[in-house]
Amino acid sequence: MERRERMRRLIPGVATLLVAAGLFIGVNSAVAIPDAGNTADSYKFQQLPIAMPPGYNNQKMNTIRQVNPAYKKIQAWISSVGASIAINDLTGHGLPDSMCIVDTRTNSLVVTYTPTARPADRFTPFVLDAGKVPMDDTMAPTGCTPGDFNGDGRMDLLATYWGRTPVLFLANSNATTLSPAAYTAQEVVPAASPDGKYHGPRWNTDAAYVGDLDGSGHPAIVIGNYFPDSDVLDPHGLANVSMNNSLSSAKNAGGDHVLRWYASTAGTHPSASYVEEHEAIDFQDSTGWTLAISGADLTGDGLPELYIANDFGHDHLLYNTSTPGKISFKVAVGQRTPTTPKSFVLGQGSFKGMGVDFGDMNHNGSFDMTVSNIDAAWGLEESNFVWINKAKDQAQMKSKLSDGVAPFKQEAQQYGLAWTGWCWDVKMGDFLNNGDLDVIQADGFVKGEIDRWPWLQEMAMTNDDLLVNPAMWPNIGPGDDVAGDNTLAFYAKTSGGKYANISKQLGLAVPTPTRALATADTTGTGALDFAVARQWGAPAFYANKAPQLGHYLNLSLYRPAVAGTAPDQGLAGAGSPVYGATVTVTNANGTQVSELDGGGGHGGFRSFDVRFGLGTFTGTSSVHLQWHDASGTLHDQTLQLTPGSHSLQLSNDAEEISSR
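No experiment lies behind these values; they were computed from the predicted model shown.

Reading guide: rules and limits
Residues numbered from 1 in each chain as written. Predicted model: local features only at pLDDT ≥ 70, side-chain atom pairs only at ≥ 80, totals over all residues. Heavy atoms only, no water. Helix = DSSP H or I, 4+ residues; strand = E, 2+ residues; numbered from the N terminus. Rg over C-alpha atoms; globule rule 2.2 N^0.38 Å. Buried < 20%, exposed > 50% of the residue type's maximum accessible area, 1.4 Å probe, protein only. Contact = heavy atoms within 4.5 Å. UniProt positions renumbered as here; feature names shortened; annotations may be inferred. Pairing = 2+ DSSP bridges. Polar contact = N/O pair within 3.5 Å; in protein donor to acceptor, adjacent residues only side chain to side chain. Disulfide = S-S within 2.5 Å. Salt bridge = Lys/Arg side-chain N within 4 Å of Asp/Glu carboxyl O. Phe/Tyr/Trp six-rings, centres within 6.5 Å; stacked < 30°, edge-to-face > 60°. Lys NZ or Arg CZ within 6 Å of the ring centre and 35° of its normal. Arc of directions from axis to C-beta. Axes fitted to C-alpha atoms, helices over the stretch in contact; angles between N-to-C directions. Core = buried A, V, L, I, M, F, W, Y, C linked by side-chain atoms within 4.5 Å.

Engineer: Help me out: how do you make sense of the overall build of the chain in this one?
Structural biologist: Helix and strand counts for the chain stand at 7 helices and 40 strands. Taking 2.2 N^0.38 as the reference for a compact globule, 660 residues should give roughly 26 Å; the C-alpha atoms of the chain span a radius of gyration of 23 Å, in line with that estimate. In terms of principal-axis extent, the alpha carbons of the chain reach across some 75 × 65 × 45 Å. For the chain, the residues scored as buried account for 62% of the 660 residues in total. Within the chain, counting contacts between residues at least 6 apart in sequence, those at least 24 apart form 65% of the total.

Engineer: Honestly, the UniProt feature "domain: ASPIC/UnbV" (unreviewed entry) in the chain in this entry has me stumped. Any pointers?
Structural biologist: Sequence positions flagged by UniProt for "domain: ASPIC/UnbV" (unreviewed entry) are, in local numbering, residues 579–633. As annotated, residues 579–633 comprises 0% helix and 51% strand, and the C-alpha atoms at either end are separated by 13 Å.

Engineer: Just to check I follow, could you spell out the sheet that holds strand E35 (residues 604–605) for this structure?
Structural biologist: Paired through backbone hydrogen bonds, the strands of a sheet run either parallel or antiparallel to each other. Taken in spatial order, the 5 strands of this open sheet run E5-E4-E3-E2-E35, and their pairing is mixed. Looking at which strands have only one partner, the edges of the open sheet turn out to be strand E5 (126–127) and E35. For strand E3 (residues 98–103) and strand E4 (residues 108–113), the ladder comprises 6 bridges, and the chain directions are antiparallel. Following the sheet pairing, Asp-103 is matched in E4 by Ser-108.

Engineer: Explanation requested: the side chain of Asp-212 in the structure shown.
Structural biologist: Within the element layout of this structure, Asp-212 appears in the loop between strand E10 (205–211) and strand E11 (220–225). A distance of 3.1 Å separates a polar atom in the side chain of Asp-212 from the backbone nitrogen of Ser-216. Filtering out sequence-adjacent residues up to four positions away, Asp-212 remains in contact with Gly-217, His-218, Pro-219, Pro-304, Tyr-579 and His-628.

Engineer: I'm lost on the state of the cysteines in this one. Help?
Structural biologist: Here is the idea: a disulfide is a covalent bond, and it sits between the sulfur atoms of two cysteines. With the rule as written, the count across this model stands at 1 disulfide. Each disulfide pairs two cysteine sulfurs, and for Cys-100 the partner residue is Cys-144, the sulfurs being separated by 2.0 Å. Handedness here is read from the sign of the S-S torsion; for Cys-100 and Cys-144, about 90°, the answer is right-handed. Placement of the pair is Cys-100 in strand E3 and Cys-144 in strand E6 (residues 140–147), with a sequence separation of 44 residues. Using a relative accessible area of 0% as the deciding quantity, one classes Cys-144 as buried.

Engineer: Any chance you could explain the pairing of strand E38 (residues 634–641) here in plain terms?
Structural biologist: The side chains of a regular strand alternate between the sheet's two faces. Relative to E38, strand E37 (residues 621–628) runs antiparallel, the two being bridged by 8 bridges. Residue pairing for E38: Leu-625 is matched across the bridge by Gln-637. What sits between the antiparallel neighbours E37 and E38 is a turn of 5 residues, in which Gly-632 has the positive phi angle 95°.

Engineer: Can you help me understand the pattern of salt bridges in this one?
Structural biologist: Applying the stated rule across the entire model yields 13 salt bridges. Across the salt bridge formed by Arg-606 and Asp-357, the nearest N and O atoms sit 2.8 Å from each other. With Arg-606 in the loop between E35 and strand E36 (610–615) and Asp-357 in strand E18 (residues 355–359), this pair connects stretches of sequence that are 249 residues apart. By the burial criterion, Arg-606 is buried, and Asp-357 matches it. A salt bridge links Lys-493 to Asp-436; the nearest nitrogen and oxygen atoms lie 3.8 Å apart. Remark: Asp-436 occurs in the loop between strand E22 (423–429) and strand E23 (438–443) and Lys-493 occurs in strand E26 (residues 489–493); sequence separation between them is 57 residues. Residue class for Asp-436 comes out buried when judged on its relative accessible area of 19%. Linked by salt bridges that have partners in common, Asp-357, Asp-597 and Arg-606 make up one network.

Engineer: So what exactly am I meant to see when it comes to the packing of aromatic side chains here?
Structural biologist: Each aromatic ring pair is described using two quantities: the centre-to-centre distance and the angle formed by the ring planes. For the structure on display, the rule yields 29 aromatic pairs. Feature note: the residues Tyr-43, Phe-45, Phe-431, Phe-490, Phe-530 and Tyr-542 constitute an aromatic cluster, connected by ring pairs. When the ring centre of Tyr-161 is taken as reference, the NZ or CZ atom of Arg-164 above it lies at 5.9 Å. Over the face of the ring belonging to Trp-455 we find Arg-452, whose NZ or CZ atom lies 4.0 Å from the ring centre.

Engineer: It is not clear to me how helix H4 (residues 394–402) should be interpreted in this structure. Could you clarify?
Structural biologist: Where H4 begins, one side-chain oxygen reaches toward the backbone nitrogen of Ala-395, 3.3 Å away; that side chain belongs to Asp-393. Following H4 by one or two positions, Gly-404 has its phi on the positive side, about 85°.

Engineer: Would you take a moment to explain helix H6 (residues 453–460) for this structure?
Structural biologist: Burial in H6 covers these residues: Trp-453, Leu-456 and Met-459. For H6, the angular spread of buried residues about the axis comes to 120°, placing them on one side. At its buried positions, H6 is contacted by helix H3 (75–78), strand E24 (450–451), helix H7 (464–467) and strand E25 (480–481).

Engineer: What's the story with the sheet that holds strand E9 (residues 183–187) in this structure? I'm lost.
Structural biologist: Pairing is antiparallel in the open sheet, where 4 strands are placed in the order E6-E7-E8-E9. Lying at the two open borders of the sheet, with one neighbouring strand each, are E6 and E9. When the angles between neighbouring strand axes are averaged without regard to direction, this sheet yields 20°. Bridging between strand E8 (residues 167–171) and E9 involves 5 bridges; their strand directions are antiparallel. Bridge pairing in E9 places Phe-169 opposite Ala-185.

Engineer: Before we go on, may I ask you to explain the side chain of Asn-384 in this structure?
Structural biologist: Secondary-structure assignment places Asn-384 in the loop between strand E19 (368–372) and strand E20 (385–389). Residue Asn-384 is classed as buried on the basis of its relative accessible area of 1%. Side-chain polar atoms of Asn-384 contact the backbone nitrogen of Asn-373, separated by 3.0 Å. In this structure the side chain of Asn-384 is engaged in a polar contact, spanning 3.3 Å, whose partner is the side chain of Gln-441. The contacts of Asn-384, once residues within four sequence positions are left out, are Val-371, Ser-372, Asn-373, Asp-375, Gln-410, Ala-412, Leu-417, Ala-418, Trp-419, Thr-420, Cys-423 and Gln-441.

Engineer: Would you mind going over unusual backbone geometry with me for this structure?
Structural biologist: Both trends apply: most residues other than glycine have a negative phi, and most peptide bonds are in trans. A positive phi angle, near 60°, is found at Phe-312, a position not held by glycine. Structurally, Phe-312 can be placed in the loop between strand E15 (305–311) and strand E16 (316–320). When its relative accessible area of 3% is taken as the criterion, Phe-312 is described as buried.

Engineer: Sorry, what's going on with the pairing of E22 here?
Structural biologist: Most of E22 sits inside the fold, with 7 of its 7 residues counted as buried. Relative to E23, E22 is paired through 5 bridges, and the arrangement is antiparallel. Paired with Gly-429 across the strands is Asp-438, a residue of E23.

Engineer: I tried to follow the environment of Thr-63 on my own but got confused; where do I start?
Structural biologist: Mapped onto the secondary structure, Thr-63 falls in the loop between strand E1 (45–48) and H3. When the C-alpha atoms of Thr-63 and Arg-154 are compared, they prove to be 35 Å apart, with 91 residues separating the residues in sequence.

Engineer: It is not clear to me how the environment of Tyr-161 should be interpreted in this structure. Could you clarify?
Structural biologist: Looking at the element boundaries, Tyr-161 is found in strand E7 (residues 156–162). Not counting residues within four places of it along the chain, the set of residues in contact with Tyr-161 comprises Leu-109, Met-135, Ala-140, Pro-141, Thr-142, Pro-166, Val-167, Phe-169, Trp-203, Asn-204 and Thr-205.

Engineer: Before we go on, may I ask you to explain the nonpolar core in this structure?
Structural biologist: Judged by nonpolar contacts, the single largest core of 62 residues is most densely connected at Phe-169, Tyr-183 and Leu-557. By residue number, the principal contributor to this core is E8, which donates 5 residues. Apart from residues no more than four positions distant in its own chain, Phe-169 is found in contact with Leu-109, Leu-128, Asp-129, Ala-130, Asp-156, Leu-157, Ala-159, Tyr-161, Tyr-183, Thr-184 and Ala-185. The next biggest cluster of nonpolar side chains, apart from the first, holds 60 residues, and it includes Leu-247, Leu-432, Val-482 and Leu-506.

Below, the structure is given as structure tokens:
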């Protein structure tokens, strides 16, 4: 009896060793996926130059940050993040052909147009000016999220930083073209400044998510902070900084803040007010080292669930239990079987969550998730995650999540997406319009000449009690290299069903660390383009020149702007984006689901268009839409739509409108 009990207790450990052995074999054969070469023949991208502000490239370009004295020995590590990029319709002309870029080389927020932009959408590129909002040299921007935060139909910009709380740049009603004067800058978190200096909390933000979390018809903001509130970038700062207190379960970081929309105004001096929902996420689940956040409605109730990707420890899937005016979440965790490694249980992993995106991976009408981790061969060889939705329908998903159970299975190896390198932002998109989602993944850490992997691996075996002290970390400074030669990954599905990284074949494997990714059909022709933010390198834009694209369905979804805002004036578009709208398309090819993504991931933000590849299908698709109107009422409607682009106004019902 005692022997049987002893053997029973050994089963999970033995099973884990067998799985680990299988993973080791798999990672060493991951590049040998049949038909990868033939798959690459269907794709083609052309890199085009990005217009920067006049004289911009003549200034000094930095390659490292100034840091708190306690971080001096790991200065390059502290300098490893911050690049960001977004594509959206900032002009209000109906096409997502404008960009907002965080360039770490200058600590600037650059607003420009895509290289593919039509003449009517071009303007003189510029750097955003925070005006009277206090700024100093101990702050650096880390993200730029487009969105309509006051509901007036004009696209605003949410800027996040290391060293301070976020700033909203709200588009003015009298602006007729994009320029620094087109925006009014305001604090998101109110902070008094009697002397013109910043006295608010020293947030160190690496992730932002925007969505209608409470079904109120207004966009909430979730901020993911990395370091605890401290003087990270102040070379004369207080000795108040620290590092993670564990490599696998750290909970001593800046964590996550949920900001609920409260009120807003339009006009020549627009405003938007937010209040923090301190109890929205349980404290124990909101103190991780957050690097990415994304969301999607998994249950069909019109409220997005959130996935929070944390470095040095557990990620979290948050079930949305909000009601209008009150935002709240409940953590759901996966279930372990005897053959499941602990880190392959959703919410129990010890890997390094760096990026996340939602998408319908197996086009069955349900949302799955891809998550970036550190999985460098002969380095920290963990695994990316592909969480496949195993609920039979939305009702079962809701039941499971309400019981605290996350019905997802980790299948990254089965999909061919397990091992890339030191990964960051990840975005899914159909670049051939064939119905299959491709996966782009940013990659690389610190670029230099001296390989510091041995030191880093030595640190990985250090007692967790020592990690919190920066002095106990190995030197990683100017000239040191850790995964610096990792290159952007572009995964495409092969004829065998597995994904293959065809980045080299497509000429995308530039050996400069990348951080953030943005996608959009910038020309309105059905071709999905993408842009890349590089850490300590110039951003890049890749136009989709695939030799043959399938048919597509592209939806621009608007709700009427606030009363008194006339559409098509100045920077006003056809309306305000319908945050949280979910679209399910059914035709002879099957079912696909997607959403209006209000902004999420790690530093990269796609356009607001909802896209579906249709392949050779030319008939009419059944398109089911679900959305909240501006008053918070949940609606749904099914339309019959033909391939191509459609602009829809969603209020009490869905009505097709003309696009500018």
